[in-house]
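Fold and contact review
For reference, the chains in residue letters:
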Amino acid sequence: MTAAIEWRVSDGHVTYPEALAEMEARAAGVRAGTANELVWLLEHPPLFTAGTSADPAELFNPHGFPVYEAGRGGRYTYHGPGQRVGYLVLDLEKRGKDIRCFVHSLEGWMIAALGELGVEARREPGRIGIWTGTGPAEAKIGAIGVRVKRWVTLHGFSINAAPDLSHFGGIVPCGISQYGVTSLAALGRDPSMALLDDALRRSFPSFLNMLSDISQAA
């Protein structure tokens, strides 16, 4: 990790409007050259976010959780306690200017971190997110939703450590109804957020190297 990237871990639950405002302000600062890039790890209180492709028919919300327009790509996503959310404010202008490769590298980072925790995670063609298990046990353990504004990234990813999985029943997660949702706890792994954060931090340099390779090839 370079010194120019701030690595922030927030205690407690950060409200979605607070996080969105902070991301927007930081992205503007990064583009203007007045602020460092940011990796921000946090937890939200229970809520749903609606991406630009969200279908109202996929929102049930029996608990009445707040629903926020996210401005990112994708459909409905749940966030809540026990889920690690990672927001990335990175300058793609100096990292290859390739959104597809950025997302692919982000998926690889999540897969590598989960692998350090003993979870065999993977991409699945035609599906959004990070998956694990086979057959009836196949389920989603991580979600991705990004936005790029003037070549600065916003939003990012989520990984389920030990959230209340029943809360995902308030939506069709990312528009995929055929498969369930799982977590580190449900898989019998240690759901410690500190362990997950450490795994993310250790595998972060490889993620940056992938982006550097893209930049050098451009």
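The text that follows walks through the structure, step by step, so that each part is easy to find. (Residues numbered from 1 in each chain as written. Predicted model: local features only at pLDDT ≥ 70, side-chain atom pairs only at ≥ 80, totals over all residues. Heavy atoms only, no water.)

Overview of helix H1 (residues 16–32)
Rule in force here: The numbering of helices and of strands both runs from the N terminus, where a helix is a DSSP run of H or I of at least 4 residues and a strand a run of E of at least 2. Given the number of residues in a helix, its expected span is that number minus one, multiplied by 1.5 Å. The buried label applies to any residue whose accessible area, calculated with a 1.4 Å probe on protein chains only, is under 20% of its type's maximum; exposed applies above 50%, and partly exposed to all values in between. By definition in these notes, contact holds between two residues if any of their heavy atoms fall within 4.5 Å.
Here H1 spans 24 Å end to end across 17 residues, near enough to the 24 Å set by a 1.5 Å rise per residue. All buried positions along H1 are accounted for by Tyr16, Ala19, Met23, Arg26, Ala27, Gly29, Val30 and Arg31. For H1, the elements touching its buried residues are strand E1 (5–13), strand E2 (37–43), strand E3 (47–50), strand E4 (67–69), strand E6 (83–89) and strand E10 (152–160). Just beyond H1, the residue with positive phi is glycine 33, at close to 80 degrees.

Things to note about the sheet that holds E4
In a beta sheet, neighbouring strands are held together by backbone hydrogen bonds and run either parallel or antiparallel to one another. Note the threshold: In this description, strands pair whenever DSSP reports at least two bridges between them. Axis lines are fitted to C-alpha atoms, over the contacting stretch for helices. Their N-to-C directions set the angle, which ranges from 0 to 180 degrees.
The sheet built from 3 strands is open, its strands ordered E4-E3-E5 with mixed pairing. Edge positions in the sheet fall to E4 and strand E5 (76–79), since each of these pairs with one other strand and no more. Neighbour-to-neighbour, the strand axes of the sheet open up by a mean angle of 30 degrees, direction not taken into account. Where E3 lies against E5, 4 bridges are found, and the strand directions are antiparallel. Bridge assignment links alanine 50 to a residue of E5, and that residue is tyrosine 76. Packing against the sheet, H1 makes contact with E3 and E4, and its axis sits at approximately 15 degrees to E4.

Structural notes on the nonpolar core
Formally: The set of buried Ala, Val, Leu, Ile, Met, Phe, Trp, Tyr and Cys residues whose side-chain atoms join them within 4.5 Å is what this entry labels a nonpolar core.
By size, the foremost hydrophobic cluster in this structure holds 33 residues, and its most contacted members are Leu88, Trp109, Phe157, Leu200 and Phe207. Among the elements of the structure, E1, E2, helix H2 (99–116), strand E9 (139–149), E10 and helix H3 (193–217) are those that each provide at least two residues to this core. Ranked by residue count, the leading element in this core is H3, at 8 residues. With residues up to four places along the chain from it excluded, the contact list for leucine 88 reads Leu38, Val39, Phe102, Leu106, Trp109, Thr153, Leu154, His155, Phe157 and Phe207. One finds Ala19, Ala27, Trp40 and Val152 within the second-largest nonpolar core, a separate group that totals 16 residues.

Quick notes on the pairing of E2
What counts, and what does not: Consider the strands pointing away from the viewer: the crossover is right-handed when the path from the first strand over the helix to the second runs clockwise.
Counting buried residues in E2 gives 7 out of 7 residues, a clear majority hidden from the surface. Burial along E2 is two-sided: Glu37, Val39, Leu41 and Glu43 facing one way and Leu38, Trp40 and Leu42 facing the other are all buried. Two strands pair when backbone bridges link them, and E1 and E2 are joined in this way by 6 bridges, in the parallel orientation. Bridging across to E2, glutamate 6 finds its partner in leucine 38. In the classification by handedness, the crossover that spans E1, the intervening H1 and the parallel E2 is right-handed.

Quick word on the layout of surface pockets
Under the convention used in this document: For cavity detection a 1 Å grid was placed over the protein atoms alone, and a set of points counts as a cavity when a 1.4 Å probe fits there but cannot get out; an open set counts as a pocket when protein lies on both sides within 12 Å along at least five of seven lines, with lining residues being those that have an atom within 4 Å of a point. Grid points are joined across faces, edges and corners, and a volume is the space filled by probe spheres set on the points. As a working rule, the residues Ala, Val, Leu, Ile, Met, Phe, Trp, Tyr, Cys and Pro are called nonpolar, Asp, Glu, Lys and Arg charged, and the rest polar, with Gly in that last group.
Each pocket or cavity is described by its volume, and for the largest pocket that value is around 220 Å³. What lines the largest pocket is a set of 16 residues, among which Val103, Ile128, Ile144, Gly145 and Val146 lie closest to the centre. At the level of elements, H2 and E9 are the ones that each hand at least two residues to the lining of the largest pocket. With 4 residues, the top contributor of residues to the lining of the largest pocket is H2. Of the residues that constitute the lining of the largest pocket, the class distribution is 6 nonpolar, 5 polar and 5 charged.

Notes on empty space enclosed by the protein
Which parts of space are left empty comes out when a probe the size of a water molecule is rolled across the atoms. This structure, assessed with the given rule, holds 3 cavities of 30 Å³ or more. Here the largest cavity defines a volume of roughly 120 Å³. In terms of lining residues, the largest cavity is bounded by 17 residues, among which Arg72, His79, Gly145, Gly156 and Phe157 are the most central. Listed by contribution, the elements that provide at least two residues to the lining of the largest cavity are E5, E6, E9 and E10.

Distances and angles like these do not, on their own, reveal function.
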